[in-house]
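Observations on chain architecture
Residues per chain are reported as follows:
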Amino acid sequence: MRVDDLTFAAADLAESDAKVAPIAFVDLARESGDFPEIRLPPCPVIGIGPRDHALAARLDAVLEPRFDAAQLALAAKTQPLAAAVVTQALRVIPALAIEDALNVESLAYATLQGSESHRCWLARRGGGAGGGEGMVLLDRADAELTVTLNRPEAGNAIDRPMRDALHEAFALVNMDTTIRRVVLRAEGKAFSLGAELSEFGTTTDPAEAHRIRGLTLPAREAALCGDRLEARIDGACIGAGLELAAFAARIVATPRSWFQLPELAMGILPGAGGCVSLSRRIGRQRTLLMVLSGRRLGAREALDWGLVDAVVDELP
C-alpha cells in the first residue's frame, strides 16, 4: 500500500475511500482556501507539508522530520483498529478535565484489550523482564519526598506491586500538603522499560480491567500533584514509565536517555495515562506520531519537542 494511494484532498476526507483506509494523508502543499466543513474519517489523518499551514492544526498530526510516511502507513495497516481508536481518543482527550480524560483513555484501552490483534500479540509475546517484585522507595527530607523505582534487575518494569506502591505514594503526597516537592527517579541503568509484559492479559475481562485502572492507576494520583513533581530520567524511558513521568511539571534527562511508546505493535494504546499526560505536554499531534511510529526519541529531540525540560550530564 503506497502513500500516494492513501493521499486524499481535504475536501474528500469524508468520502468512502478515506473512510475505509487504515490511514489517510493530506498533501498540504496542494491545499488552499478555507475548509469550514471538513470532516475527518475514523482513521488517522496525517498532513505532509508545512506545520504552519492553515489546515494543519485540524488534522491528527503533521509529518515531522525523521518520521517516515511509509512506515506510518505500514503501522496503521498492521494495526488498523489500534491506530483508529488511539486517534479518536486523542481527538477528544485534550479538551477534557484530567479525570474525564483518563476515563476515556481507559475505556479506549479496554476496547482494544478485547481485540483479536491484542490476543494475537499475547499469544506470541516473549517473557517478561524477569527479576523479583518491584519496590518503590520513599525518602523524605524536610518538605521534599523522593520516590524511587527500585527494580533495577528488570529495568524498572512496572509490575503490580510497583504500580500499587506508586499509587499509594502519590496518594500520600496528595493527602500531605506539607510535602512541597516530589522527585521521581529510578535505580539502575534504565528509568523504566514500561509495564511488566508478563502481566498483560492476566485480567481477561476488559470491563474489570477498566474498573481496576480506575482504582489503582498511579497516573490518577500523580496528575493531582503534578505541579509539585519533578521526574529525573536516565536511560530508557518507555511506555508506562514515560506516561507517568510526563505528568511532572519538570522533566530532567541525561544525554543517554531515550523515550518510546511501543504499544501500537501490541494492538493497544498507551493506557497508563500517556494519552493524557503526553498530549498535554507535547500536544496530541506529536503524541500520535510517537504512538503510530513506535520510534525512539533521543534526549535532544525530546528537548526540542518539550517532552523534557532540560538535558544535564549528571542528574542531581
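Here, every reference points to the structure presented above.
The paragraphs below set out a description of the structure included in this document. The written sequence of each chain sets the order in which its residues are numbered from 1. Per-residue local features are limited, in this predicted model, to residues with pLDDT of at least 70; the limit for side-chain atom pairs, both in listing and counting, is 80 or more; totals at the level of whole chains, interfaces and linings are taken over all residues. Excluded from the side-chain calculations are hydrogens and water; all other atoms, namely the structure's heavy atoms, are used.

With respect to the side chain of Glu31
Among the secondary structure elements, Glu31 is positioned in the loop between β1 (24-27) and β2 (45-48). Pairs of N or O atoms within 3.5 Å make up the polar contacts considered here, provided that, within protein, one atom can donate a hydrogen while the other can accept it, and that residues adjacent in sequence are counted only when both atoms are side-chain atoms. Polar contacts involving the side chain of Glu31 include one to the main-chain amide nitrogen of Ala10, which spans 3.0 Å. Secondary structure elements are taken from DSSP: a helix is a run of H or I of four residues or more, a strand is a run of E of two residues or more, and numbering for both begins at the N terminus.

Comments concerning the sheet that holds strand β11 (residues 297-298)
The criterion for strand pairing is that DSSP finds at least two bridges linking the strands in question. A sheet is described by the order of its strands in space; here three strands give the open sequence β8-β10-β11, paired in mixed fashion. Each end of this open sheet is capped by a strand with a single partner; those strands are β8 (236-238) and β11. Pairing of β8 with strand β10 (residues 258-260), which is carried by three bridges, proceeds in the parallel orientation. Along β10, the bridge assignment pairs Ile238 with Gln260.

A few points about the packing of aromatic side chains
Aromatic ring pairs are defined here through the distance separating the ring centres and the angle between the ring planes. Ring geometry is summarised as follows: Phe, Tyr and Trp rings, the Trp one being its six-membered ring, pair when their centres sit within 6.5 Å, and such pairs are stacked at plane angles under 30 degrees, edge-to-face over 60 and tilted between the two. Applying the stated criterion across every chain, the model contains two aromatic pairs. With 5.6 Å between their ring centres and 70° between their planes, Trp121 and Phe200 make a pair best called edge-to-face. One end of the pair, Trp121, is in helix α5 (residues 116-124); the other, Phe200, is in the loop between β6 (181-186) and α7 (206-216), and 79 residues separate them in sequence. This pair shows no difference in class: Trp121 is buried, exactly as Phe200 is. In this structure, Arg295 packs its charged tip against the face of Phe67, placed 4.6 Å from the ring centre. Looking at Arg296, its charged tip hangs above the ring of Trp258, at a distance of 3.7 Å from the centre. Exposure classes here rest on a 1.4 Å probe applied to the protein chains alone. A residue is buried below 20% of its type maximum, exposed above 50%, and partly exposed in between. Any Lys NZ or Arg CZ found within 6 Å of a ring centre and within 35 degrees of that ring's normal is scored as a charge over the ring.

A word on unusual backbone geometry
Backbone geometry at Arg66 places phi at a positive 75°, although glycine is not the residue there. Assignment of secondary structure puts Arg66 in the loop between β3 (61-62) and α2 (69-78). Judged by its relative accessible area of 61%, Arg66 falls in the exposed class. The residue Asn156 is not glycine, and still its phi comes out positive at about 55°. Looking at the element boundaries, Asn156 is found in the loop between β5 (144-150) and α6 (160-175). Residue Asn156 is classed as buried on the basis of its relative accessible area of 0%.

Quick look at the sheet that holds β2
Strand order in the open sheet made by the three strands is β1-β2-β3, with parallel pairing throughout. At either margin of the open sheet sits one strand with a lone partner, and together these are β1 and β3. Pairing geometry for β1 and β2, over four bridges, is parallel. Along β2, the bridge assignment pairs Val26 with Gly47.

Some points on the packing of helix α10 (residues 274-282) against helix α11 (residues 284-293)
To obtain an axis, a line is fitted to C-alpha atoms, over the contacting stretch when the element is a helix, and the angle between two such axes runs from 0 to 180 degrees between their N-to-C directions. For the pair α10 and α11, the least separation of the axes is 7 Å and the interaxial angle reads 125°. Regarding the angle of α10 to α11, the classification is oblique. Seen from above, α10 lies across α11 with right-handed handedness. Contacts from Gly274, Leu278, Ser279 and Ile282 of α10 reach α11 at Arg284, Arg286, Thr287 and Met290. Any angle that is under 35 degrees is reported as roughly parallel, and any over 145 degrees as roughly antiparallel; angles of 65 to 115 degrees are reported as roughly perpendicular and all others as oblique. By the definition used in this description, the sense in which the near helix is turned from the far one sets the handedness, with an anticlockwise turn below a right angle giving left-handed and a clockwise turn giving right-handed. In what follows, residue pairs with any heavy atoms lying within 4.5 Å of each other are defined as contacts.

What about the pattern of salt bridges?
Salt bridge, as used here: a side-chain nitrogen of Lys or Arg that lies within 4 Å of a carboxyl oxygen of Asp or Glu. Enumeration according to the criterion identifies 23 salt bridges in this entry. One salt bridge in this structure joins Asp4 and Arg2, with 3.9 Å as the shortest N-O distance. A single burial state applies to Asp4 and to Arg2, both of which are exposed. Here Arg220 makes a salt bridge to Glu99, at a shortest N to O gap of 2.7 Å. With Arg220 in helix α8 (residues 218-222) and Glu99 in helix α4 (residues 98-113), this residue pair connects regions lying 121 residues apart in the sequence. Each of Glu144, Arg181, Glu230, Arg232 and Arg250 takes part in one network of salt bridges that share partners.

Topic: the packing of α4 against α10
Viewed as axis vectors pointing N to C, α4 and α10 meet at an angle of 125°, and their least axial separation amounts to 8 Å. It follows that α4 is oblique to α10 by the angle criterion. Note on element contacts: α10 touches α4 through Gly274, Cys275, Val276 and Arg280, opposite Ile98, Ala101, Leu102 and Glu105. Each residue belonging to the contact of α4 with α10 can be placed in one class, and the counts come to five nonpolar, one polar and two charged. In this count, Pro and Cys sit with the nonpolar residues alongside Ala, Val, Leu, Ile, Met, Phe, Trp and Tyr, while Asp, Glu, Lys and Arg are called charged and the others, Gly among them, polar.

Read these as geometric descriptors, not functional statements.
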